[in-house]
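Coordinate inspection notes
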Amino acid sequence: MRWLITNRTIQENGEFGGDLGKLSFWTLRDGGSATVAADWLPVSMEDFRDRLVKVVQDTFPSVVVNGISTPSEFQKHVCLFIHGYNNDWHAVMDRYEKVATTLFDGPDGLGECVTFDWPSKGNLLGYLSDRAEARNTADDLTNVLSELYDWLMTMQKLAVRDPENACKARTSILAHSMGNYVLEYAMNQLWTRKNRPLLVSLLQEVIMVAADVDNDLFRNGEQVSHGDGEGLSNMAYRITALYTGRDDVLGGSAGLKHFGKRRLGRSGLDRTYPLPDNVWDVDCTTILPKVNGIATHGEYFEPEATQVYALMREILQGKDRSILIHDGVVPDGPSRTQPLSAPGAIAVTAKPAPPPNTSVI
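Figured I'd write up the structure that's included with this text. (Residues numbered from 1 in each chain as written. Predicted model: local features only at pLDDT ≥ 70, side-chain atom pairs only at ≥ 80, totals over all residues. Heavy atoms only, no water.)

**Let's talk about the overall build of the protein chain**
Worth spelling out the cut-off: Comment: elements are numbered from the N terminus, with helices defined as DSSP H or I runs of at least four residues and strands as E runs of at least two. Areas reported here follow the Shrake-Rupley algorithm with a probe of radius 1.4 Å; residue values treat only the protein chains shown as occluding.
When helices and strands are counted, the protein chain shows nine helices and 11 strands. Just so you have it, the protein chain exposes about 17600 Å², and 54% of that area is on carbon and sulfur atoms.

Structure follows, in structure tokens:
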């Protein structure tokens, strides 16, 4: 099935607009197209939740059968897809359809994919406006995640009494570009709202694709404090950042926002800081199709990016990072070491500084 949560305005002609509106919930009619607005049917939040829960209960395998846990690679997901900047509604739904078809549909699919759609302006000139809309959108995403948190806590209590009553769905998030900025703030608000719970895995897997956030987001490491990435790292079992230095969109982004700080989706994690044990990154430069630096920003989700999709699939299946590296699913990335001088450069010896003038005038 296809699922849509959005806070875009709804225009008089039934199309989804480009401004911030009320949070609404939609399901796709049978045989409908995700990119056709008229094919989406509005439902209440309660109805949306009940329908999704029914699909999970009716089609997902049990987490525990006869006291034996189902291996994580055979468990199914409810995954929230959060798009990035510069995407109008039709572009968002086209990308959502590609992700859902490639990773979640069919007998080998990973479960159900829900898109969280926010009003990106859909043009490069709207970049800074997108930043403001993304910050405002975080409040709505917090409310959605809060509902999920409360549901999972209820299911967890039931599972204590009988493990076979455990929720059948693994929960995950796949966020792209500025969607990670939305996620960062939403998770921090949620963590604060729920009294900063520790060791509560609201999300099994979070994949941050071409993340338009500072690359020192997790700079506090294992220390509990008020850092930007605290809510995310404390409420997710594992976080994987996919990046490439070929991303020219994020190269420009760094200059528009936090001067002097690189983007996570372009340079990977800032390793001059301690990192939480559940956060890691993968340089996708060698497995992304070679396109221009602007197109690279969204190339992770194009059908040609088969190796990237294979990597995302195995991450969502819960494969340990050491196995992913050993099996060659994680590519060898270019070295991050920056040489102190160019190859073949002539060494220059600095002249000694002259002694200070101590003469008295």
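**Regarding the environment of Val-56**
In plain terms, the rule: Throughout, exposure labels follow a simple rule: accessible area from a 1.4 Å probe, protein chains only, divided by the maximum for the residue type, with under 20% read as buried, over 50% as exposed, and the rest as partly exposed.
Mapping Val-56 onto the fold places it in helix α1 (residues 45-59). Given a relative accessible area of 5%, Val-56 falls into the buried group. Linking Val-56 and Lys-76, residues 20 residues apart in sequence, is a C-alpha distance of 8.5 Å.

**Considering the packing of aromatic side chains**
As a reminder, the rule being used: For this analysis, a ring pair means two rings from Phe, Tyr or Trp (six-membered ring only for Trp) whose centres lie within 6.5 Å, classed as stacked if their planes differ by under 30 degrees, edge-to-face if by over 60, and tilted for the remaining angles.
All chains considered together, the criterion is met by six aromatic pairs. Their ring planes at 80° and their centres at 5.4 Å tell us that Trp-3 and Phe-48 sit as a pair that is edge-to-face. In this pair, Trp-3 is assigned in strand β1 (residues 3-10) and Phe-48 in helix α1, connecting sequence segments 45 residues apart. Side by side, Trp-3 and Phe-48 carry an identical accessibility label, which is buried. Residues Tyr-181 and Tyr-185 carry aromatic rings whose centres are separated by 5.0 Å and whose planes lie at 70° to one another, so their mutual orientation is edge-to-face. Here the residue Tyr-181 and the residue Tyr-185 both occupy positions in helix α4 (residues 179-193), the gap between them amounting to four residues, near one helical turn. In textbook terms, an aromatic cluster arises when at least three aromatic residues are bridged by ring pairs, as seen for Trp-3, Phe-25 and Phe-48.

**Here's the deal with α4**
We apply this condition: Expected span of a helix: the number of residues minus one, times 1.5 Å.
With 15 residues, α4 ought to run about 21 Å at 1.5 Å a step, and its terminal C-alpha atoms sit 21 Å apart, in line with that. Of all 15 residues making up α4, 11 are buried, and the element is well covered by its neighbours. Those residues of α4 that sit buried are Gly-179, Asn-180, Tyr-181, Val-182, Leu-183, Glu-184, Ala-186, Met-187, Asn-188, Leu-190 and Trp-191. Following α4 by one or two positions, Asn-195 adopts a phi angle in the positive range, close to 65°.

**Here's the deal with the pairing of strand β8 (residues 169-176)**
Selection criterion: Pairing between two strands is assigned when DSSP locates at least 2 bridges connecting them.
Among the eight residues that make up β8, eight are buried, leaving the element largely enclosed by the rest of the structure. Of the pairings in the sheet, the one linking strand β6 (residues 76-82) to β8 comprises seven bridges and is parallel in character. Its bridge partner being in β8, Phe-81 is matched across the sheet by Leu-174. Pairing analysis gives five bridges linking β8 to strand β9 (residues 203-209), with the strands arranged parallel. Paired with His-176 across the strands is Val-209, a residue of β9.

**Things to note about the pairing of strand β7 (residues 111-117)**
Extensive coverage of β7 is indicated by the burial of seven of its seven residues. Pairing of β1 with β7, which is carried by four bridges, proceeds in the parallel orientation. Within β7, the position partnered with Leu-4 by the bridge is Thr-115. Relative to β7, β6 runs parallel, the two being bridged by six bridges.

**Things to note about unusual backbone geometry**
Positioned with a positive phi, Ser-177 is a non-glycine residue whose angle comes to about 55°. The residue Ser-177 is located in the loop between β8 and α4 in this model. Judged by relative accessible area, Ser-177 falls into the buried class, the value being 1%. Of note, the phi angle at Ala-210 is positive, near 45°, even though the residue is not glycine.

**So, the pattern of salt bridges**
What counts here: Salt bridge criterion: a side-chain nitrogen from Lys or Arg within 4 Å of a carboxyl oxygen from Asp or Glu.
Going through the model one piece at a time under the given rule, you end up with 17 salt bridges. A salt bridge links Asp-105 to Arg-2; its shortest N-O distance comes to 2.6 Å. Of this pair, Asp-105 sits in the loop between α2 (89-104) and β7 while Arg-2 sits in the segment before β1; the two residues are 103 residues apart in sequence, bridging distant segments of the chain. On the accessibility criterion, Arg-2 (10% relative accessible area) is buried. A salt bridge links Asp-212 to Arg-263, with the nearest nitrogen and oxygen atoms 3.2 Å apart. Of this pair, Asp-212 sits in the loop between β9 and α5 (230-234) while Arg-263 sits in the loop between α6 (248-256) and α7 (264-267); the two residues are 51 residues apart in sequence, bridging distant segments of the chain. Residue Asp-212 shares its accessibility class with Arg-263, and that shared class is buried.

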